[in-house]
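Inside the fold
Chain by chain, the residues:
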Amino acid sequence: MRPLYLTMTAFGPYADTKKLDMGKLGNDGLYLITGDTGAGKTTIFDAITFALYGEASGEVRDPQMFRSKYAKAEIKTYVELTFCYRGEKYRVKRNPEYQRPKGRGTGLTLQKAEAELEYLSDSSRPIVSKSKDVTKAVTEILGLDYRQFTQIVMIAQGDFMKVLLT
């Protein structure tokens, strides 16, 4: 699986939209994300893993905490990942459950978690649109479930030592 584009809006520490053109990382398939403490490395891992599976990249974070506390109330929280696997392109978009302003009147209402998966290489395939169905489709496409993905494909900060000792 090669990530191409990642968009995060009102996600984690980001109040607005951040776009990463991960296609610039090349085609070699091994990427190392480095930076100072607090630079947002884990947020990138969380965004990719959340887009694909609806879960955080590590066990200590809850997806319901992904809504940025710095975002304006009217800004929608979501992540969108475009990726390539075995020559096919896909786009997955997902939002966590969070409180948002009501459409009419005042106050807040619960925005339910939503997801959709689009088969960019095969426009004849319908968009998958339920969170559980998107997770199932991603698992089928990649041949990895969430646990396998976080152990094999994406080793989050702090988990590398586990790999060495296991």
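Quick note: structure is the one above.
Worth saying up front: this structure is predicted, and the values here are computed from it rather than measured.

Across its full length, the chain carries four helices and seven strands. Seen in sequence order, the chain has helices and strands lined up from the N terminus as β-β-α-β-β-β-β-β-α-α-α. Looking at the chain as a whole, 37% of its 166 residues are labelled buried. Pairs at least 24 residues apart make up 52% of the contacts formed inside the chain by residues separated by at least 6 positions. Of the roughly 10,400 Å² of accessible surface on the chain, 50% is carried by carbon and sulfur atoms.

Attention now goes to the side chain of Thr43. Position of Thr43 relative to the elements: it lies in helix H1 (residues 41–53). Ignoring any residue separated from it by four or fewer positions in sequence, one finds Thr43 in contact with Met8, Phe11, Pro13 and Tyr14.

With that settled, the discussion passes to the pattern of salt bridges. Counting across every chain of the model gives three salt bridges. Of the charged contacts, one joins Lys18 and Asp16 as a salt bridge, the two residues approaching to 3.8 Å between their closest N and O atoms. On the accessibility criterion, Asp16 (42% relative accessible area) is partly exposed. Its salt-bridge partner being Glu118, residue Arg91 comes within 2.8 Å of it at the nearest N-O pair. Taken together, the positions of Arg91 in strand E4 (residues 88–95) and Glu118 in strand E7 (residues 114–119) put the pair 27 residues apart, joining distant regions of the chain. Judged by its relative accessible area of 28%, Arg91 is partly exposed.

What follows deals with the packing of aromatic side chains. In total, this model carries seven aromatic pairs according to the counting rule given. An angle of 50 degrees between the planes, with centres 5.4 Å apart, marks the rings of Tyr53 and Phe149 as tilted. With Tyr53 in helix H1 and Phe149 in helix H3 (residues 146–152), the pair connects residues that are 96 residues apart, well separated along the chain. Judged by its relative accessible area of 5%, Tyr53 is buried. When the ring of Phe83 is compared with that of Tyr90, the centres are 5.2 Å apart and the planes differ by 25 degrees; the resulting orientation is stacked. Both residues of the pair, Phe83 and Tyr90, count as buried. The structure contains a cluster of three or more aromatic residues connected by ring pairs, namely Phe11, Phe50 and Phe66. Geometry around Tyr78 places Lys93 over its ring, the cationic atom sitting 4.4 Å from the centre.

So, how was this worked out
- Residues numbered from 1 in each chain as written.
- Predicted model: local features only at pLDDT ≥ 70, side-chain atom pairs only at ≥ 80, totals over all residues.
- Heavy atoms only, no water.
- Helix = DSSP H or I, 4+ residues; strand = E, 2+ residues; numbered from the N terminus.
- Buried < 20%, exposed > 50% of the residue type's maximum accessible area, 1.4 Å probe, protein only.
- Contact = heavy atoms within 4.5 Å.
- Areas by Shrake-Rupley, 256 points an atom, 1.4 Å probe, with all protein chains shown as cover.
- Salt bridge = Lys/Arg side-chain N within 4 Å of Asp/Glu carboxyl O.
- Phe/Tyr/Trp six-rings, centres within 6.5 Å; stacked < 30°, edge-to-face > 60°.
- Lys NZ or Arg CZ within 6 Å of the ring centre and 35° of its normal.

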